[in-house]
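The residues making up each chain are set out below.
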Amino acid sequence: MSPSVSRGFSRSRPATDDARLPPGQHLVEGFPVLSAGPTPHVPLDQWNLTVRAGNDTARRLTWPEFRELPSETITADIHCVTSWSKLDTVWEGVSVDTLLEGSGIDKPYVIAVCDGGYTTNLDVADVTGGRAWLAHAYGGEPLAPEHGGPVRLLVPHLYLWKSAKWVRELVFADENTPGFWESLGYHARGDPWREQRYSDD
Ligand SMILES: Nc1nc2c(c(=O)[nH]1)N[C@H]1C(S)=C(S)[C@@H](COP(=O)(O)O)O[C@H]1N2
Ligand SMILES: [Mo]
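Residues numbered from 1 in each chain as written. Chains lettered and ligands numbered in written order. Predicted model: local features only at pLDDT ≥ 70, side-chain atom pairs only at ≥ 80, totals over all residues. Heavy atoms only, no water.

Caption draft 1: Inspection of the pairing of strand 7 (residues 119-123) at higher detail. Most of strand 7 sits out of view: 4 of its 5 residues are buried. With 5 bridges connecting them, strand 6 (residues 109-114) and strand 7 associate as antiparallel partners. When the bridges of strand 7 are listed, V113 appears paired with T119. Once strand 6 ends, the chain turns through 4 residues before running back antiparallel as strand 7, passing G116 with a positive phi of about 100 degrees. (Buried < 20%, exposed > 50% of the residue type's maximum accessible area, 1.4 Å probe, protein only. Helix = DSSP H or I, 4+ residues; strand = E, 2+ residues; numbered from the N terminus. Pairing = 2+ DSSP bridges.)

Written out as structure tokens, the structure reads:
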């Protein structure tokens, strides 16, 4: 007689963590650094942030001007396409909505351009509506250079390659132009819940 016993319901991690992990992802200790090149170090008095549509500059903010904009605290799970995820990361940043206020820009796509030349393209719908920030602090401290300081884009609902470090320009456009990883075969949008890793996913 074989007793009917429920098996397989014990878990080494809380079930809530599993439910928060997109397919193919695992939790990582620490905070890995993934950079395609060296970490740029631009002095704050030489730093600025440009928001433009094509060649028409809508805003150019110095560091003090940027820091005068209202910041929000963001708690978010982040997911790298190389398969690591971190839950409940805490950031401070200025929302892209705030940055766009009064700019008059109304375009469907944007490309983030960084010190060092890295670029990534995004749908404007993915960076507006309180879903993306220009982050300047992590874990209550100014954002470390290797993680994109002084300012990086934070788009936590997309794979982390979309969260451009050392961002200096947001260029809004009518066309969706592939950025650095996108032109090397990564997905144009990069939704981790749909496992949009490569262009044909
Ligand atoms: N400017 C720039 N931004 C970048 C990258 C880069 O190489 N250069 N790498 C991207 C990738 S692939 C990932 S996974 C994340 C890594 O962020 P982290 O180094 O803070 O973990 O940054 C993204 N932003
Ligand atoms: Mo990545």
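Caption draft 2: Geometry of unusual backbone geometry. Cis geometry marks the peptide bond from G149 to P150; its omega dihedral reads 15 degrees. Considering the arrangement of structural elements, one finds P150 in the loop between strand 9 (141-142) and strand 10 (152-154). The phi dihedral of S83 is positive, around 105 degrees, even though this residue is not glycine. In this fold, S83 is placed in the loop between strand 4 (72-79) and strand 5 (84-95). The buried category is assigned to S83, whose relative accessible area is 17%. The phi torsion at D88 lies on the positive side, around 55 degrees, for a residue other than glycine.

Caption draft 3: Region of the structure containing the nonpolar core. Counting 34 residues, the largest nonpolar core has F66, L99, L134, L153, L170 and F172 as its most contacted members. When sequence neighbours within four positions are dropped, the list of residues in contact with L134 reads L49, F66, E92, G93, V94, V96, L99, V151, R152, L153, V167 and L170. I74, A76, W133 and L154 belong to the second largest nonpolar core, which has 12 residues in total. (Core = buried A, V, L, I, M, F, W, Y, C linked by side-chain atoms within 4.5 Å. Contact = heavy atoms within 4.5 Å.)

Caption draft 4: Up close: the sheet that holds strand 7. With respect to topology, 5 strands assemble into an open sheet ordered 3-2-11-6-7, the strand pairing being mixed. Where the open sheet ends on each side, the last strands, each with one partner, are strand 3 (56-62) and strand 7. With direction set aside, neighbouring strand axes in the sheet form an average angle of 15 degrees. Sheet topology places strand 2 (residues 48-53) next to strand 11 (residues 167-173); 4 bridges connect them, and they run parallel. (Axes fitted to C-alpha atoms, helices over the stretch in contact; angles between N-to-C directions.)

Caption draft 5: Seen up close, a nonpolar patch on the surface. On the surface, a cluster of nonpolar side chains totalling about 270 Å² of accessible area is made up of F180, W181 and L184. Relative to the helices and strands, F180 is located in the segment after strand 11. F180 sits in the partly exposed class, given a relative accessible area of 32%. (Patch = residues over 30% accessible without salt bridge, like charges linked within 9 Å, V, L, I, M, F, W, Y side chains within 5 Å. Areas by Shrake-Rupley, 256 points an atom, 1.4 Å probe, with all protein chains shown as cover. Salt bridge = Lys/Arg side-chain N within 4 Å of Asp/Glu carboxyl O.)

Caption draft 6: Molecular detail of the pattern of salt bridges. Applying the stated criterion across every chain yields a total of 11 salt bridges. Here R52 makes a salt bridge to E169, at a shortest N to O gap of 2.7 Å. Within this pair, whereas R52 is found in strand 2, its partner E169 is found in strand 11, the two being separated by 117 residues in sequence. For D174, the salt bridge identified is with K107, shortest N-O distance 3.1 Å. Within this pair, whereas D174 is found in the segment after strand 11, its partner K107 is found in the loop between helix 3 (96-100) and strand 6, the two being separated by 67 residues in sequence.

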